[in-house]
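Here is how the chains run, residue by residue.
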Amino acid sequence: MTHTVLIHGATGQTGREIVDGLIEDGSFTIAALVRPQSLEKPATQALKQRSVKLVVGDLESQPVEEIAALLDGYQTVISAVAAGAQLDQIKLVDAAAKAGTKRFIPCGFTTISPPGGVMRLLRGDKEQVHERIWYHHLPYTIIDSGYWYQISFPRLPSGKVDYAALGESNTFVGNGDAPNLLIDKRDIGRLTARIIKDDRTLNKRVFLHGEVLTQEDIWVIIEGKSGEKVETKHASHDDLLAKMHAARANLRANPSDTMARVAVWSAEYDVSKYVRRDNTPENARYLGYLDTKELYPDFRPITFTAFIDELLAGKAQKLYQDQFEFLRKQES
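Residues numbered from 1 in each chain as written. Predicted model: local features only at pLDDT ≥ 70, side-chain atom pairs only at ≥ 80, totals over all residues. Heavy atoms only, no water.

Student: Just to check I follow, could you spell out the packing of helix 7 (residues 215-226) against helix 12 (residues 304-312) for this structure?
Tutor: Two quantities define a packed helix pair, namely the angle between the helix axes and the distance between the axes. Across the interface, helix 7 lies against helix 12 with an axial gap of 10 Å and an inter-helix angle of 45°. Judged on the interaxial angle alone, helix 12 and helix 7 are oblique. The handedness of the crossing between helix 7 and helix 12 is right-handed. Side by side, helix 7 and helix 12 meet where I218, I221, I222, K225 and S226 of the first sit next to F304, T305, I308, D309, L311 and L312 of the second. Considered class by class, the residues forming the contact of helix 7 with helix 12 number seven nonpolar, two polar and two charged. (Axes fitted to C-alpha atoms, helices over the stretch in contact; angles between N-to-C directions. Helix = DSSP H or I, 4+ residues; strand = E, 2+ residues; numbered from the N terminus. Parallel < 35°, antiparallel > 145°, perpendicular 65-115°, else oblique. Left-handed = near helix turned anticlockwise from the far one by under 90°. Contact = heavy atoms within 4.5 Å. Nonpolar A, V, L, I, M, F, W, Y, C, P; charged D, E, K, R; others polar.)

Following this line, the structure appears as structure tokens:
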């Protein structure tokens, strides 16, 4: 008998990788919870073409009882919603509890940061979902990961990697010596497939990563591979803290501004990674996470060097294309 999984957010940046990982594993029957208005979208129809069952439901308009009926019969429910939709999971948690779901995986898949820490906005929303899980005594696994390779490289003077770059990425913080968990986003789905079949991970937090690298390490790799010298900007820890406080103040003044929210997420990530140095294996173990490198020693993650080879060969994927296209249309 195959393992039945329902994914909420299957067409998003993380959800796509989870679908890919489960299909590659080959031992899952996969369904995707989609809203009626998203049913005919190309990304949704692409799931159907890959034998992913489409389960139509709307968390916003349907009562918990109806959502629970849609979840009935699925052993594992995985949520991979967008960053701004974390609290939408509350109803999904309630429905999963009512449906008797055997394992609920909330939308984690982010860097290591302690509850109540500096990542107040994004991590704070996620923690509210965790509290709802625990309220119901719903079986769970919380999966967090390193920062993606795909958003961890600087631009080059030649512009060769601009096609895949996301935002400003050439700022060297302090001495560039803060270690960070990193992962190729394609490995997230492959490791998730292992985690949800593993009884050791039930009611646990798990972290996954490919490598631990500093900014200095990253600069050395890309400069060595490209033969170019990165044009580096510099920022102090105080600069990052000031930027974070300014972003938070701007969001308080403009709470409905999506880009103001994105600026807070970005600034809080930077302070957590480079000032507090939260995103490390040592901190993850301190917080009680299990390490996939210890759980699955045979798994060979994609290396950062291999990713840089793809990037320089023009084969890397630029992220969030759909979202940026949507924002451009909204502004026009």
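Student: Before we go on, may I ask you to explain the packing of aromatic side chains in this structure?
Tutor: Here a ring pair, both rings aromatic, is described through the centre-centre distance and the interplanar angle of the planes. Enumeration according to the criterion identifies eight aromatic pairs in this entry. Ring geometry for F304 against F307: centres 6.1 Å apart, planes inclined by 45°, an arrangement best described as tilted. Of the two residues, F304 and F307 are both situated in helix 12; the distance of three residues between them amounts to about one turn of the helix. For the pair formed by F304 and F307, the shared burial category is buried. Taken together, Y149, F153, F304 and F307 form an aromatic cluster joined through their ring pairs. A cation sits over an aromatic face here: K185 above W148, 5.3 Å from the ring centre. When the ring centre of Y147 is taken as origin, the NZ or CZ atom of K273, which lies over that ring, is 3.3 Å away. (Phe/Tyr/Trp six-rings, centres within 6.5 Å; stacked < 30°, edge-to-face > 60°. Buried < 20%, exposed > 50% of the residue type's maximum accessible area, 1.4 Å probe, protein only. Lys NZ or Arg CZ within 6 Å of the ring centre and 35° of its normal.)

Student: Can you walk me through unusual backbone geometry in this structure?
Tutor: If a residue is not glycine, its phi is most likely negative; likewise, a peptide bond is most likely trans. One non-glycine residue, N203, adopts positive backbone phi at about 60°. Within the element layout of this structure, N203 appears in the loop between helix 6 (186-195) and strand 10 (204-208). At R277, a residue that is not glycine, the phi angle is positive and equals roughly 60°. Relative to the helices and strands, R277 is located in the loop between helix 9 (258-275) and helix 10 (281-286).

Student: Where do I start with the pairing of strand 3 (residues 53-56) in this structure?
Tutor: When a strand is regular, its side chains alternate between the sheet's two faces. Pairing analysis gives four bridges linking strand 2 (residues 28-34) to strand 3, with the strands arranged parallel. Looking across to strand 3, one finds that V34 is bridged to V56. In this fold, the crossover linking strand 2 to strand 3 by way of helix 2 (residues 42-49) has right-handed handedness. (Pairing = 2+ DSSP bridges. Right-handed = clockwise from strand over helix to strand, strands pointing away.)

Student: Help me understand the pattern of salt bridges, please; the structure alone is not making it clear to me.
Tutor: Pairing is possible between side chains that carry opposite charge, provided their charged atoms lie close to one another. The tally for this structure, following the rule as stated, stands at 21 salt bridges. A salt bridge links R285 to E294; the nearest nitrogen and oxygen atoms lie 3.8 Å apart. The exposure class of R285 is partly exposed, given its relative accessible area of 39%. Counted as one network, the salt bridges with shared partners bring together R123, E127, D144 and R205. (Salt bridge = Lys/Arg side-chain N within 4 Å of Asp/Glu carboxyl O.)

Student: I tried to follow the sheet that holds strand 7 (residues 147-148) on my own but got confused; where do I start?
Tutor: Paired through their backbone hydrogen bonds, the strands of a sheet run either parallel or antiparallel. Pairing is mixed in the open sheet, where three strands are placed in the order 7-9-11. A single partner strand is all that each edge strand has here, and the edge strands are strand 7 and strand 11 (211-213). Where strand 9 (residues 180-183) lies against strand 11, three bridges are found, and the strand directions are antiparallel. Following the sheet pairing, N180 is matched in strand 11 by L213. Helix 7 rests against strand 9 and strand 11 of the sheet, and its axis sits at about 100° to strand 11.

Student: How do you make sense of helix 6 when you look at a structure like this?
Tutor: Each turn of an α-helix holds 3.6 residues, which means side chains three or four residues apart point in the same direction. With seven of its 10 residues buried, helix 6 lies for the most part within the structure. Three or more residues of helix 6 are buried, namely D187, I188, G189, L191, T192, A193 and I195.

Student: Help me understand the nonpolar core in this model?
Tutor: Generally speaking, a soluble globular protein has its nonpolar side chains buried in company with each other. Residues F153, I222, F304, F307, I308 and L311 are the most contacted members of the largest nonpolar core, which totals 39 residues. Here the element with the most residues in this core is helix 9; it accounts for seven residues. The residues touching L311, leaving out its near neighbours within four places in the chain, are F153, V161, Y163, A164, I222 and A316. Counting 31 residues, the second largest nonpolar core, distinct from the first, contains L22, I30, W148 and L319. (Core = buried A, V, L, I, M, F, W, Y, C linked by side-chain atoms within 4.5 Å.)

Student: So what exactly am I meant to see when it comes to the sheet that holds strand 10 here?
Tutor: Taken together, three strands build an open sheet; the order of strands is 6-10-13 and the sheet is parallel. Whereas interior strands pair on both sides, the edge strands pair on one side only; in this sheet they are strand 6 (141-145) and strand 13 (289-291). Direction aside, the axes of adjacent strands within the sheet are offset by 30° on average. Relative to strand 10, strand 6 runs parallel, the two sharing five bridges. Residue pairing in the sheet places S145 in a bridge with L208 of strand 10. Contacts between helix 5 (residues 122-136) and the sheet are confined to strand 6, strand 10 and strand 13, with strand 10 contributing the most and set at about 145° to the helix.

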